Number of protein chains: 2
Amino acid sequence: MAKERSSGAGDPARTLELLWRDGATVPASRRGPRQGLTVDAVVEAAVGLADEGGLDALTMRAVAQRLGVTPMTLYTYVPGKAELLDLMLDAVFLKMPRTASGVDAPWRERVTAVADENRALYLRHPWLAELRVHRPPLGPGVMTKYEHELGAFEGLGLDDVTMDSALTHLLGFVQVAARTELDARAVDRESALSDEEWWAAHEPLLERMFDAERFPLASRVGEASAVAYQGLYSPDHAYAFGLARVLDGLAALIPADPPGSVPQGQ
Amino acid sequence: MAKERSSGAGDPARTLELLWRDGATVPASRRGPRQGLTVDAVVEAAVGLADEGGLDALTMRAVAQRLGVTPMTLYTYVPGKAELLDLMLDAVFLKMPRTASGVDAPWRERVTAVADENRALYLRHPWLAELRVHRPPLGPGVMTKYEHELGAFEGLGLDDVTMDSALTHLLGFVQVAARTELDARAVDRESALSDEEWWAAHEPLLERMFDAERFPLASRVGEASAVAYQGLYSPDHAYAFGLARVLDGLAALIPADPPGSVPQGQ
DNA sequence: CCCTCACTTTGTACGTTGTATAGAGTACCG
DNA sequence: CGGTACTCTATACAACGTACAAAGTGAGGG
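For the structure given in this document, a descriptive report is provided here. Remember, predicted model here, so these are calculated numbers, not experimental data.

**Quick word on the overall build of chain A**
Okay, so step 1: If you tally the helices and strands in chain A, you get 10 helices and 0 strands.
Okay, so step 2: Listing the helices and strands of chain A from first to last along the sequence gives α-α-α-α-α-α-α-α-α-α.
Okay, so step 3: Among the 266 residues that make up chain A, the fraction classed as buried is 48%.
Okay, so step 4: Contacts in chain A between residues at least 24 apart in sequence constitute 74% of all its contacts with a sequence separation of at least 6.
Okay, so step 5: With an accessible surface of roughly 13,200 Å², chain A has 55% of that area assigned to carbon and sulfur atoms.

**Some remarks on the interface of chain A and chain B**
Okay, so step 1: Between chain A and chain B, the residue contacts involve 84 residues of the former and 83 residues of the latter.
Okay, so step 2: Here chain A meets chain B over a buried area of about 7,300 Å², counting both sides, of which 67% is carbon and sulfur.
Okay, so step 3: For the pair chain A and chain B, the interface holds 8 salt bridges.
Okay, so step 4: One salt bridge connects E130 of chain A with R132 of chain B, and the closest N-O pair in it is separated by 3.6 Å.
Okay, so step 5: Those elements giving two or more residues to the side of chain A that touches chain B turn out to be α1 (12-19), α6 (140-150), α7 (160-191), α8 (195-209), α9 (216-228) and α10 (235-251) of chain A.

**Some thoughts on helix α1 (residues 12-19) of chain B**
Okay, so step 1: Among the residues of α1 of chain B, those classed as buried are P12, T15, L16, L18 and L19 of chain B. End-on, the buried residues of α1 of chain B take up no more than an arc of 160°, which puts them together on one face.
Okay, so step 2: Where α1 of chain B is buried, its residues meet α8 of chain A together with α2 (39-57), α4 (81-95) and α6 (140-150) of chain B.

**Notes on the relation of the copies chain A and chain B**
Okay, so step 1: Aligned on chain B, chain A shows an RMSD of 0.1 Å; the corresponding rotation is 180° and the shift along the axis is 0.0 Å. Each copy turns onto its partner about a two-fold axis.
Okay, so step 2: Comparing interface residues between copies, 95% of those in chain A also sit at the interface in chain B, which points to an isologous, same-surface contact.

**Some remarks on the nonpolar core**
Okay, so step 1: Residues V63, M88, W127 and F153 of chain B are the most contacted members of the largest nonpolar core, which totals 76 residues.
Okay, so step 2: Discounting chain neighbours no more than four positions away, the residues touching V63 of chain B are V42, A45, A46, L49, L58 and L74 of chain B.
Okay, so step 3: Within the second largest apolar cluster, 73 residues are counted, among which are L19, V47, A64 and F173 of chain A.

**Some thoughts on the protein's contact with DNA strand C**
Okay, so step 1: Neighbouring DNA strand C are 30 residues, the closest being R30 and T73 of chain A together with R34, R61 and Y75 of chain B.
Okay, so step 2: What you see for DNA strand C is that sugar and phosphate hold 62% of its atoms within 4 Å of the protein.
Okay, so step 3: R34 of chain B is positioned with one of its side-chain polar atoms (N or O) 2.8 Å from a phosphate oxygen of DNA strand C.
Okay, so step 4: When its residues are assigned to classes, the surface near DNA strand C shows 12 nonpolar, 10 polar and 8 charged.

Scoring rules and cut-offs
- Residues numbered from 1 in each chain as written.
- Chains lettered and ligands numbered in written order.
- Predicted model: local features only at pLDDT ≥ 70, side-chain atom pairs only at ≥ 80, totals over all residues.
- Heavy atoms only, no water.
- Helix = DSSP H or I, 4+ residues; strand = E, 2+ residues; numbered from the N terminus.
- Buried < 20%, exposed > 50% of the residue type's maximum accessible area, 1.4 Å probe, protein only.
- Contact = heavy atoms within 4.5 Å.
- Areas by Shrake-Rupley, 256 points an atom, 1.4 Å probe, with all protein chains shown as cover.
- Buried area = accessible area lost by both parts, 1.4 Å probe.
- Salt bridge = Lys/Arg side-chain N within 4 Å of Asp/Glu carboxyl O.
- Arc of directions from axis to C-beta.
- Least-squares fit on C-alpha atoms with pLDDT ≥ 70 in both.
- Core = buried A, V, L, I, M, F, W, Y, C linked by side-chain atoms within 4.5 Å.
- Near = heavy atom within 4 Å.
- Polar contact = N/O pair within 3.5 Å; in protein donor to acceptor, adjacent residues only side chain to side chain.
- Nonpolar A, V, L, I, M, F, W, Y, C, P; charged D, E, K, R; others polar.

Quick look at the structure:
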């Protein structure tokens, strides 16, 4: 069995050809019976399955069933599950909606648009947040997304290396924020206990164990946060707060930052 | 089979008692044969296994074998794997080294110490980065860590809710940074292809597919980054860059920030 | 025209996972 | 000393990715 949740294990050449596949590349004359499916159909079925039930629901057997085919048939189209995940990633990157902010738009607006697009992408395809991707599949989707997002940092006086770092930093933030939000949702869905019920079940016992004098800050701040959002955690607030922090952090790098800007420390 | 990588599924009361277990709580007189192990021993074995081989190596069978016991024996000590993960998390949180920065130290220094501690923790226990934890186990480790880390934000003029948000934001950043670094290492270890070999295998094919005119920014910036660090990615740089951004972002929230400033009460 | 053989599709099988279930052995309490 | 609450073990199940081999299909070469 291959390692789960890793990606891009197999033959690089084969994977690249699949990533950049287009109708024209088909050899047009094959020996055996014509294929009843297409790589696109397989990828689409897989994405649909993962969208609905997460990575746990994405099994080769399930994909095959959705396509009306036996599991092993998939291996004619795709080398294995790891490569299928690469194709899925590239596919959703390629198709994601991109805000066309002009180069004349304020940089905070442009960068915010990139963050929002990515957050929306994670919320539409929750399995993306579970994926591990070092050495991302270098397909058209990944490239198009990278090209587009770098655009938000172009013309700000950043050198090329810093542009890349800044983008990575921004996307990293969006990823944790989305992951936290999605984890919270997943727990709600799976656990049969709502947040309130969970607290109700924990509180009496916790009071026996927990010494408020031993953890003064934790009790004070924990209490205040629990009151502020009527629960454990507010994803929208965390995103808004974090994005503002990221923007202010980047602002310190950007030479001229005309009116409306927030003063920087230090 | 239970959901993988989720945590805290079982009976809350039982889990809480396990988290806050101490020698004294043992009833001292039990009916059957004395237990040959302890919960601590199980947790320690599990942590050791996960440290060495990641979450993939952490199987109930492997833990049992390390303890010289059959797999099902573990279920006398621990309700299931999810709860074991909770106990592992709390245990390493409790034992992690904590820098004792005085309240008089500059806030950037204190916050940096918290970030560094957490990065070190992830690097020592890579499986932490793979874990999903919404509704964290409310054990002594989690509480102690939270209490300690809030201290870095105390006396800066932030209200309680903002202190919590700031800490969450900081820890989120450290987590992505660590995860990215660990993913990179894992790929290097598993893939039998070094980064250079991987590039060498991809480049010729990529040049056939990839149109530099279609992705001008991507080629320029990608090239520059690849040259700057002699590879795909430099974890140390990403961490340093990101931490600086986070600190600057937080600075915008903190009222007075002169060098060597005295913390002000709220 | 038909045979050959590359190719698609399928069925079966293996090793691995967490843990349900049932049985066997042990030692304290009444 | 017997009953019983407990520990530990053995076996079993369903689900996973996919190796392997057999069966079916249809275009190209003679």
